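Residue-level structural notes
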Amino acid sequence: MRSAEPGRNAGSRGEIMEQNNLSRTGLAPTRGERKAIANLEIVPRRHLGRWVTAAVIAVLLALVIKAFAEGDIAWGVVAEFFAAPAILFGLVNTVVMTICAMSLGIALGVVFAVMYMSPNPVIRVVAWGYIWLFRGTPLILQLLLWFNLALVFPTLGIPGLIEVRTVEFMTPFVATLLGLGLNQGAYTAEVMRSGILSVDSGQTEAAKSIGMTRLLTLRRIVLPQAMRVIIPPVGNEVISMVKLTSIASVIQYAEILRNAQTIYYANARVIELLIVAAGWYLIVVTLLQIGQYQLERSFAKGQTHRGNHKPGRAVENA
Amino acid sequence: MPSPMVSIINVSKRFGALQALDEVSLEIPRGAVQCIIGPSGSGKSTLLRCINQLEPTDSGAIFLEDELLGFERKGDKLLELSEGQIAGQRMKTGTVFQRFNLFQHMTARENIVEGPLRVLNRPRGEVMDEAVALLERVGLADKSGAYPAELSGGQQQRVAIARALAMRPKLLLFDEPTSALDPELVGEVLAVMHDLASTGMTMIVVTHELAFARDAASNVVFMDRGRIVEQGLPTTILTEPTEQRTRDFIGAER
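Below, the structure is looked at part by part.

Parameters and conventions
- Starting afresh in each chain, residues are numbered from 1 along the sequence in its written order.
- Chains and ligands are labelled sequentially in the order written, the chains with letters from A and the ligands with numbers from 1.
- Given that this is a predicted model, residues contribute local features only at a pLDDT of at least 70 and side-chain atom pairs are listed and counted only at 80 or more, while totals for whole chains, interfaces and linings are drawn from all residues.
- Note that the side-chain values use all heavy atoms of the structure and ignore hydrogens as well as water.
- Numbering goes from the N terminus for both helices and strands, where a helix is a DSSP run of H or I of at least four residues and a strand is a run of E of at least two.
- When accessible area is computed with a 1.4 Å probe and restricted to protein chains, residues below 20% of their type maximum are described as buried, those above 50% as exposed, and intermediate ones as partly exposed.
- Two residues form a contact once any of their heavy atoms are found within 4.5 Å.
- Per-residue accessibility takes into account occlusion by the displayed protein chains alone, with areas from the Shrake-Rupley method and a 1.4 Å probe.
- Note on method: radius of gyration uses C-alpha positions; expected globular size equals 2.2 Å times residues raised to 0.38.
- Only four residue types enter the tally: Lys and Arg on the positive side, Asp and Glu on the negative side; His and the chain ends are excluded.
- For the purpose of locating charges, the reference atoms are NZ of Lys, CZ of Arg, CG of Asp and CD of Glu.
- All axes here are fitted lines through C-alpha atoms, helices being fitted over the stretch that makes contact, and every angle between N-to-C directions spans 0 to 180 degrees.
- Roughly parallel here means an angle under 35 degrees, roughly antiparallel means over 145, roughly perpendicular means 65 to 115, and every remaining angle is called oblique.
- We call a crossing left-handed when the near helix sits turned anticlockwise from the far one by less than a right angle, and right-handed when that turn is clockwise.
- Residues are grouped as follows: Ala, Val, Leu, Ile, Met, Phe, Trp, Tyr, Cys and Pro are nonpolar; Asp, Glu, Lys and Arg are charged; all remaining types, including Gly, are polar.
- Strands are labelled as partners when DSSP assigns at least two bridges between them.
- What a helix is expected to span follows from its residue count: subtract one and scale by 1.5 Å.
- The arc in question is the one spanned by the directions pointing from the helix axis to the C-beta atoms.
- Two distance rules govern patches: like charges are joined within 9 Å, and nonpolar side chains (Val, Leu, Ile, Met, Phe, Trp, Tyr) within 5 Å, applied only to residues with over 30% relative accessible area and no salt bridge.
- For this document, the term salt bridge refers to a Lys or Arg side-chain nitrogen within 4 Å of an Asp or Glu carboxyl oxygen.
- Computed with a 1.4 Å rolling probe, the buried area is the accessible surface lost when two parts are put together, summed over both parts.
- Any pair of N or O atoms that falls within 3.5 Å is considered a polar contact. Within protein, one atom must be able to donate a hydrogen and the other to accept it, and sequence-neighbouring residues count only if both atoms are side-chain atoms.
- Residue types Ala, Val, Leu, Ile, Met, Phe, Trp, Tyr and Cys, when buried and joined through side-chain atoms within 4.5 Å, form a set referred to as a nonpolar core.
- Working definition: a ring pair exists when centres of Phe, Tyr or Trp rings (six-membered ring for Trp) sit within 6.5 Å. Plane angles under 30 degrees give stacked, over 60 give edge-to-face, the rest tilted.
- Either the NZ atom of lysine or the CZ atom of arginine qualifies as a charge over a ring when it sits within 6 Å of the ring centre and within 35 degrees of the ring normal.

**Some details on the overall build of chain A**
Along its length, chain A carries 14 helices and 2 strands. Out of the 318 residues in chain A, the part that is buried amounts to 34%. Sequence separation of 24 or more characterises 70% of the internal contacts of chain A that already satisfy a separation of 6 or more. Element-wise, carbon and sulfur atoms account for 66% of the exposed surface of chain A, whose accessible area totals about 19600 Å².

This is the structure:
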């Protein structure tokens, strides 16, 4: 290989590059040869390894499907119970609980995120303590605590004004809502906080400069822009919540899994009913994923350049 | 003799060890275009931020017309106003920021109507018509539906000026409005500012554009290390300053 002579090659990067492999004789290809090379057909590389891997995976998958098809599963029973009233009732309860617990969680998340960023140290410590407590203990334990609250406080309310017996108030629904909602709030608070911090401080200053109060600034300017950062993780948490509601089966909340269990205790078709429940969870989660995608798109507005932007077009006006 | 639009009296502000403002006093008459020049870190922007109360002052007083800003007198003490009261005072001054700070999730028109609608609670139809007129005034009638990310820096800054004007402020503050712009976009923003100055709007402009100061200012202040070094007519300050520091600064900026 001849080394590149700087004087001769000045202004011609191509000549330096081509010395790597194109010249058979050790000399650079001539202008004609380069033209010929430029006309050759391009053959994409065949990724043989990937095809082999894919084939192996396909075979394994076929074996798994075959095993389930031949296994002792009465698919007729799955079909029979898929839309059974008890299952559909459980489905409604699962969806209702997901919506209620998530709403409570998001509301608490916003409140505690704002408290966490307060200039007042007492408020900050309270927010920190809430997040610490509810993130630091298992969810199932929190549910059991709420459900058994009557053991600590036989009655709830303001003495002499409103009082209810805890056992009557703390139904499986209320206990599940408090357990899931308060737990979710602790996680969502962290998500909200990072979302709020992601909004440039110039936005807050601009809002102040037109006379907006802190609350109005948060609601109109900061939160809508924080949504872009908040929606993806919260979307994931909604999906987790759908599945977390199944934990409430331990305190007799009649969601899908609980109702599927009630049925299989009676007919002993355990796997079939678990498949029914799994199918419904997958359907709900798939729908939510589609919704999440749409929501992310709508909150991304103003964040991307669109077609007709011509920078500096208005210079003539100056 | 009417009171000046802004009176700044012995204002000081300290950030840790840095004395950002050191006993600054300045009076700005109604309709004046007050330019403030000086090296970075001289306290120019801090002075603006004190006037619109993004920073509380440590001592001294700032009046907008006859109203004491940020505090209320109780005997021989000045008590800090509530956040709501300060927000109410801020509506009377408009601010144009170096980095534009347009609300990124709103179109140009939504940026302009946000304050009049949500803060002043004015009727929607009237505010919308006014927004169209304001966009026309800054030469962006065709951009009302554009998001900030779709606009050039110069266009964004002109929308920001329209947003400030929509609040019908008594005073406009400009914090280095052209420093973040590509050189070819500076002219369009300065043109809008020239236009505003000619309408009699009281303006305080922190700027590095000495040409703008020469052409549009009614008074120029040179600041350094938190103090006003000298002030006077633009021709005096920009061509024959008395202080050596001013001369050095203007020589270097040329």
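**Comments concerning the overall build of chain B**
Check the secondary structure of chain B and you find 9 helices and 12 strands. Here chain B has a C-alpha radius of gyration of 18 Å; the compact-globule value for 254 residues is 18 Å, and the two agree. Viewed in the frame of its principal axes, chain B has a C-alpha envelope of about 50 × 50 × 40 Å. Only carbon and sulfur atoms are counted for the fraction: they give 49% of the accessible area of chain B, which is about 10600 Å². The distance from the centre of the 27 positive side-chain charges to the centre of the 34 negative ones in chain B is 3 Å.

**Observations concerning the packing of helix H12 (residues 214-244) of chain A against helix H3 (residues 108-119) of chain B**
To characterise two packed helices, one gives the angle between the axes of the helices and the distance between these axes. Between H12(A) and H3(B), the least distance of the axes is 13 Å, while the angle of their chain directions is 140°. As far as their axial angle goes, H3(B) and H12(A) are oblique. The handedness of the crossing between H12(A) and H3(B) comes out as right-handed. Between H12(A) and H3(B), the contacting residues are A:Leu216, A:Arg220 and A:Ile221 on the first element and B:Glu114, B:Arg118 and B:Val119 on the second. Classifying every residue of the contact of H12(A) with H3(B) by side-chain character gives 3 nonpolar, no polar and 3 charged.

**As for the sheet that holds strand S11 (residues 219-224) of chain B**
All names here are of chain B. Pairing is mixed across the open sheet formed by 6 strands, whose spatial order is S8-S9-S10-S3-S11-S12. Only two strands of the sheet have a single neighbouring strand rather than two, namely strand S8 (93-96) and strand S12 (227-232). Pairwise comparison of adjacent strand axes, ignoring direction, gives a mean angle of 20° for this sheet. Relative to S11, strand S3 (residues 33-37) runs parallel, the two sharing 4 bridges. Bridged to Ile36 within S11 is Val221.

**What about helix H4 (residues 124-137) of chain B?**
All names here are of chain B. The terminal C-alpha atoms of H4, which comprises 14 residues, lie 20 Å apart, in line with the 20 Å expected from a rise of 1.5 Å per residue. Within H4 the residues assigned to the buried category are Val127, Met128, Glu130, Ala131, Leu134 and Leu135. Summarising the axial view, the buried residues of H4 lie within an arc of 165°, below the 170-degree limit, and thus occupy one face. Across H4 from its buried face, at more than 90 degrees, point the exposed residues Asp129 and Glu136. If you follow the buried residues of H4, they end up packed against H3 and helix H5 (153-165). Phi turns positive one or two residues past the end of H4, at Gly139, with a value near 75°.

**Some points on a positive patch on the surface**
On the surface, a cluster of positive charge is contributed by A:Arg219, B:Arg109, B:Arg118 and B:Arg124. Structurally, A:Arg219 can be placed in helix H12.

**A short note on the interface of chain B and chain A**
Across the boundary between the two partners, chain B contributes 34 residues, which contact 31 residues of chain A. Interface area for chain B against chain A, summed over the two sides, is near 2900 Å², with a carbon-plus-sulfur share of 57%. Of all residues in chain B, the largest losses of buried area upon contact with chain A belong to B:Phe103, B:His105 and B:Glu150, amounting jointly to 20% of the total for that side. If you look at where chain B meets chain A, you find 2 salt bridges. Among the ionic pairs, B:Arg49 bridges to A:Glu205, the shortest N-O distance being 2.6 Å. At the junction of chain B with chain A, the criterion picks out 7 residue pairs in polar contact (both at pLDDT 80 or more). For the side of chain B that touches chain A, the elements supplying multiple residues, two or more each, are helix H2 (83-90), S8, H3, H5 and helix H6 (183-198) of chain B. Here the side of chain B that touches chain A gets 5 residues from one element, more than from any other, and that element is H6(B).

**Here we look at the nonpolar core**
All names here are of chain B. Ile37, Ile161, Phe174, Met193 and Met203 are the most contacted members of the largest nonpolar core, which has 52 residues in total. If we ignore the near neighbours within four places in the chain, the residues touching Met203 are Ala32, Val33, Gln34, Leu172, Phe174, Met193, Leu196 and Ala197. Counting residues in hydrophobic clusters, the runner-up holds 23 residues, among them Ala32, Ile62, Leu69 and Leu171.

**Focus: a nonpolar patch on the surface**
A surface patch of nonpolar side chains, amounting to about 590 Å² of accessible area, comprises A:Leu48, A:Val52, A:Val56, A:Val59, A:Leu60 and A:Leu63. With respect to the secondary-structure elements, A:Val59 resides in helix H4 (residues 48-70).

**Considerations on the sheet that holds strand S1 (residues 6-15) of chain B**
For sheets, the rule is that strands pair by backbone hydrogen bonds, running either parallel or antiparallel. Residues and elements named next belong to chain B. The sheet built from 4 strands is open, its strands ordered S2-S1-S4-S5 with antiparallel pairing. At either end of the open sheet lies a strand with only one pairing partner, and these are strand S2 (18-28) and strand S5 (67-68). Relative to S5, strand S4 (residues 59-64) runs antiparallel, the two sharing 2 bridges. Considered in S5, the bridge of Leu64 is made with Glu67.

**Structural notes on unusual backbone geometry**
The phi dihedral of A:Ala268 falls on the positive side, at around 65°, and the residue is not glycine. Phi at B:Asn10 takes a positive value of approximately 50°, unusual for a residue other than glycine. Take B:Asn10: it is sitting in strand S1.

**Some points on the packing of helix H10 (residues 172-197) of chain A against H12(A)**
Residue and element names in this part refer to chain A. Two elements in contact, H10 and H12, have axes whose closest approach is 9 Å; the angle formed by their N-to-C orientations is 140°. By the angle class used here, H10 and H12 are oblique. Seen along the crossing, H10 lies across H12 with a hand that is right-handed. Within the contact between the two elements, H10 uses Leu180, Gln184, Tyr187, Thr188, Val191, Met192, Gly195 and Ile196 and H12 uses Leu218, Val222, Leu223, Ala226, Val229, Ile230, Pro233, Val234, Glu237, Met241 and Leu244. Its residues assigned to classes, the contact of H10 with H12 comprises 15 nonpolar, 3 polar and 1 charged.

**Focus on the packing of aromatic side chains**
Summed over all chains, the structure comprises 7 aromatic pairs over all chains. The interplanar angle of 10° and the centroid separation of 3.8 Å between the aromatic rings of A:Phe112 and A:Tyr130 together place this pair among those described as stacked. One end of the pair, A:Phe112, is in helix H6 (residues 85-116); the other, A:Tyr130, is in helix H7 (residues 121-136), and 18 residues separate them in sequence. Of the aromatic side chains, those joined through ring pairs into one cluster are A:Phe112, A:Tyr130 and A:Phe134. B:Arg99 extends its terminal NZ or CZ atom over the ring of B:Phe100, reaching a point 6.0 Å from the ring centre. Cation over ring: B:Arg163 sits above B:Phe103, and NZ or CZ is 4.5 Å from the ring centre.

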